[in-house]
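Each chain, letter by letter, is given below.
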Amino acid sequence: MAKFKEGFVREAKKSIRQEQEQKRLHAKHDISNPDTVVVEKSNMVKFLIRCAARIIRIAATVTVFVLAAVGLITLLYPDVREEFLFVLAAIVDEIRSMTGL
């Protein structure tokens, strides 16, 4: 009996989502006839934009993880920490000399 109810609820939610999507598409394309079913097909430009966005998101995530790992290693090992502080001081001095502060 529970299996029947779950399937019924799933179908009802799917139907409601489809109706909401049709309302959105009708408003987007200025269609006033409620009996018209709008089917929006994806094109190459949308696909490329979505693909590029995913690639950028993945690259940003990997970069954050790599920087977090470097930071953790810098905190854990004293030799690396000392070198990092020297490099950081050199960067601050270089920025000061470029800006004239």
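What counts, and at which threshold
- Residues numbered from 1 in each chain as written.
- Predicted model: local features only at pLDDT ≥ 70, side-chain atom pairs only at ≥ 80, totals over all residues.
- Heavy atoms only, no water.
- Helix = DSSP H or I, 4+ residues; strand = E, 2+ residues; numbered from the N terminus.
- Rg over C-alpha atoms; globule rule 2.2 N^0.38 Å.
- Expected span 1.5 Å × (residues − 1).
- Patch = residues over 30% accessible without salt bridge, like charges linked within 9 Å, V, L, I, M, F, W, Y side chains within 5 Å.
- Areas by Shrake-Rupley, 256 points an atom, 1.4 Å probe, with all protein chains shown as cover.
- Salt bridge = Lys/Arg side-chain N within 4 Å of Asp/Glu carboxyl O.
- Buried < 20%, exposed > 50% of the residue type's maximum accessible area, 1.4 Å probe, protein only.
- Contact = heavy atoms within 4.5 Å.
- Lys, Arg positive; Asp, Glu negative; His and termini not counted.
- Charge placed at Lys NZ, Arg CZ, Asp CG, Glu CD.

Caption draft 1: Looking closely at the overall build of the chain. If you tally the helices and strands in the chain, you get three helices and zero strands. Across the chain, helices and strands are ordered from the amino to the carboxyl terminus as α-α-α. The C-alpha atoms of the chain give a radius of gyration of 28 Å, which is well past the 13 Å a tight globule of 101 residues would have. Overall, the chain is about 70 × 45 × 25 Å in size when its C-alpha atoms are taken along their principal axes.

Caption draft 2: Main features of helix H3 (residues 78-99). For H3, built from 22 residues, the straight-helix expectation of 32 Å at 1.5 Å per residue is met to within 8% by its first-to-last C-alpha distance of 31 Å. Taken from the residues just after H3, Gly 100 is the one with a positive phi, measuring 80 degrees.

Caption draft 3: Here's a closer look at a nonpolar patch on the surface. Residues Leu 72, Ile 73, Leu 76, Tyr 77 and Val 80 make up a contiguous nonpolar surface patch of roughly 490 Å² in combined accessible area. Relative to the assigned elements, Tyr 77 resides in the loop between helix H2 (44-76) and H3.

Caption draft 4: Summary view of the environment of Glu 40. Tracing the sequence through the fold places Glu 40 in the loop between helix H1 (2-28) and H2. Glu 40 sits in the partly exposed class, given a relative accessible area of 33%. Along the chain, Glu 40 and Ile 58 lie 18 residues apart, while their C-alpha atoms are 27 Å from each other. Discounting chain neighbours no more than four positions away, the residues touching Glu 40 are Arg 24, Leu 25, Lys 28, His 29 and Lys 46.

Caption draft 5: Representation of a positive patch on the surface. A surface patch of like charges, here positive, comprises Lys 46, Arg 50, Arg 54 and Arg 57. Summarising the element assignment, Arg 54 is placed in helix H2.

Caption draft 6: Geometry of unusual backbone geometry. Even without being glycine, Asp 30 reaches a positive phi, approximately 55 degrees. With respect to the helices, strands and loops of the structure, Asp 30 is situated in the loop between H1 and H2.

Caption draft 7: Molecular detail of the pattern of salt bridges. With the rule as written, the count across this model stands at one salt bridge. Here Glu 21 makes a salt bridge to Arg 24, at a shortest N to O gap of 2.5 Å. Within this pair, Glu 21 and its partner Arg 24 are both found in helix H1, separated by three residues, close to a single helical turn. Look at Glu 21 and you get partly exposed, because its relative accessible area is 35%. Since its relative accessible area comes to 40%, Arg 24 is described here as partly exposed.

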